[in-house]
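Geometric and topological summary
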Amino acid sequence: MRTIVLQVHPEAPEAEAIARAAEMIQRGGLVAFPTETVYGLGANALDPRALARIFEAKGRPPHNPLIVHVTDVEAAQTLVAAWPETAARLAARYWPGPLTLVLPRRALIPDIVTAGGPTVAVRVPRHPVALALLRASGVPIAAPSANRSARLSPTRAEHVLRSLNGRIEMLLDGGPTAGGLESTVLSLAADPPQLLRPGPVSPSEIEAVIGPVERLAPSHRDEQTPLPSPGMMARHYAPRAPLVCMEGATPSQHRRCEERVEALRRSGRRVGWLRWARPTEQSPRPDLLIVDMPEDPRAYAAQLYAALHTLDEAGVECIVAEMPPDTEAWLAVRDRLRRASTP
Ligand code: TXA
Ligand code: MG
């Protein structure tokens, strides 16, 4: 299969390209498109055969359910069996935007979307291309991130092509995505609500709207307890090269990172260093590739996957990721770095 790539303006997508993509969705095809977080791989959320092709194209395990994207609150309500006050308040504040709500499902949603479970994840994306595609197709669109399963999420069209070229019908190329990390996933089917995946909307922002939320610590991800969300699997969002996380917030921690990088380099490996906030002059070296990451959490999030894709492309053999501070502003970034690491 040849993947058709259509360039679209990220703010004002061309009607013709959107119409072609919408027709493809209606015919049961797979269309990758930009959202404000990462690129999604979309299919008609009510068409089990199209949905099965998402799992096939991604190599995604069938026990991992999909997020359903819709145009607005009314469309979301047609998919869920309950719309609590908490959902109404969060949607009013954060939709369209990078917040996914898990709610009891209605029967019309195919089992393959929910992995057979009693709940469905829904969100209204903010990206003009995603919204235009949803409106033109007239159906809810299930879309996981547009990457092979367990690998890095794509924040640019070329990342999508790298892993899915020839496996999907179409790609809407709307340039780099602004957010860079996947949406926050919150279960409102649990009491109190549970944060299933940290993301651009922080737990305190959610708590300011609906009160206390249970924050599942990474330590909950032990092998015995069944996962409330399959995407909580410890190793996920990973680059090809093994990655180690090291704390880097203080000068002495930074020095330890530097020593580790040096030691790996001296052992003869090509090292990638995701360096944080302390750029110093370094002469270029063929066996060391440094990517300096921004000091600001939002800017860091926007660049993280692109930086890891760059290190993978450069063929480094190991990556040292210098971790920013352990504070709420960095929650989502630290979560993704940990999951990109090799235990
Ligand atoms: O930003 C995003 O959310 C992107 C864009 C494309 O919207 N999508 C995305 O999808 O990251 P995906 O499939 O890569 O991640 C979906 C996450 C997974 O962790 C999955 O386990 C969880 O949402 N999830 C989906 N449905 C669920 C459900 N019913 N209950 C619990 N977790 C669910
Ligand atoms: Mg994903």
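Before reading on, note that the structure itself is shown above.
Everything numeric in this text was worked out from a predicted model, so none of it was measured.

Reading guide: rules and limits
Residues numbered from 1 in each chain as written. Chains lettered and ligands numbered in written order. Predicted model: local features only at pLDDT ≥ 70, side-chain atom pairs only at ≥ 80, totals over all residues. Heavy atoms only, no water. Helix = DSSP H or I, 4+ residues; strand = E, 2+ residues; numbered from the N terminus. Rg over C-alpha atoms; globule rule 2.2 N^0.38 Å. Buried < 20%, exposed > 50% of the residue type's maximum accessible area, 1.4 Å probe, protein only. Contact = heavy atoms within 4.5 Å. Pairing = 2+ DSSP bridges. Axes fitted to C-alpha atoms, helices over the stretch in contact; angles between N-to-C directions. Parallel < 35°, antiparallel > 145°, perpendicular 65-115°, else oblique. Left-handed = near helix turned anticlockwise from the far one by under 90°. Core = buried A, V, L, I, M, F, W, Y, C linked by side-chain atoms within 4.5 Å. Phe/Tyr/Trp six-rings, centres within 6.5 Å; stacked < 30°, edge-to-face > 60°. Lys NZ or Arg CZ within 6 Å of the ring centre and 35° of its normal.

The next thing to look at is the overall build of the protein chain. Within the protein chain, the secondary structure is distributed over eleven helices and 15 strands. For the protein chain, the C-alpha radius of gyration of 20 Å lies close to 20 Å, the compact-globule estimate for 343 residues. Expressed along its principal axes, the backbone C-alpha trace of the protein chain runs to roughly 60 × 45 × 35 Å. A total of 343 residues make up the protein chain; the buried ones form 53% of that total. For the protein chain, contacts bridging at least 24 residues in sequence account for 67% of all contacts bridging at least 6.

Attention shifts here to the side chain of Asp 312. Tracing the sequence through the fold places Asp 312 in helix H10 (residues 297-313). Excluding its chain neighbours within four sequence positions, the residues that come into contact with Asp 312 are Leu 152, Pro 239, Arg 240 and Ala 241.

All right, on to the sheet that holds strand E15 (residues 318-323) then. Two modes of strand pairing occur in sheets, parallel and antiparallel, and in both the strands are linked by backbone hydrogen bonds. Read across the open sheet, the four strands follow the order E12-E15-E13-E14; overall the sheet is parallel. Each edge of the sheet is formed by a strand with only one pairing partner; in this case those strands are strand E12 (243-247) and strand E14 (288-293). With direction set aside, neighbouring strand axes in the sheet form an average angle of 20 degrees. Lying over the sheet, helix H9 (residues 251-266) contacts E12, strand E13 (271-276), E14 and E15, oriented at roughly 170 degrees with respect to E13.

Interhelical geometry of H10 versus helix H11 (residues 331-339) gives an angle of 30 degrees and a closest axis separation of 9 Å. When the axes of H10 and H11 are compared, the pair comes out roughly parallel. H11 is crossed by H10, and the crossing has left-handed handedness. Across the interface between the two elements, Pro 297, Tyr 300, Ala 301, Leu 304 and Tyr 305 of H10 pack against Val 333, Arg 336 and Leu 337 of H11.

Here helix H6 (residues 128-137) lies mainly inside the structure; seven of its ten residues are buried. Among the residues making up H6, those that are buried are Val 129, Ala 130, Leu 131, Ala 132, Leu 133, Leu 134 and Ser 137. Looking one or two places after H6, you find Gly 138, whose phi comes out positive at around 70 degrees.

As a further point, take the nonpolar core. Formed by 45 residues in total, the largest nonpolar core has its most connected members in Leu 41, Leu 90, Leu 99, Leu 101 and Leu 186. Looking at this core, the elements that each hand over two or more residues are strand E3 (39-44), helix H2 (48-58), helix H4 (85-94), strand E5 (99-104), strand E6 (119-123), helix H7 (157-164) and helix H8 (203-210). The residues touching Leu 101, leaving out its near neighbours within four places in the chain, are Ala 87, Leu 90, Trp 95, Val 120, Ala 121, Val 122, Leu 186 and Leu 188. Among the nonpolar cores identified, the runner-up in size contains 26 residues, and Val 291, Leu 304, Val 316 and Ile 319 belong to it.

According to the stated counting rule, one finds three aromatic pairs in the structure shown. Seen in terms of ring centroids, Trp 83 and Trp 95 are 6.0 Å apart; in terms of plane orientation they differ by 45 degrees. Their pairing is tilted. With Trp 83 in the loop between helix H3 (73-77) and H4 and Trp 95 in the loop between H4 and E5, the pair connects residues that are twelve residues apart, well separated along the chain. Classification of Trp 95 by relative accessible area gives buried; the value is 9%. For the ring pair Tyr 300 and Trp 330, a centre distance of 5.4 Å and an interplane angle of 90 degrees mean the geometry is edge-to-face. Separated by 30 residues along the polypeptide, Tyr 300 in helix H10 and Trp 330 in the loop between E15 and H11 bring together distant segments of the chain. These aromatic residues form a ring-pair network of at least three members: Trp 276, Tyr 300 and Trp 330. In this structure, Arg 93 packs its charged tip against the face of Tyr 94, placed 4.4 Å from the ring centre. In this arrangement the basic side chain of Arg 275 is found over the ring face of Trp 273, its NZ or CZ atom lying 5.2 Å from the centre.

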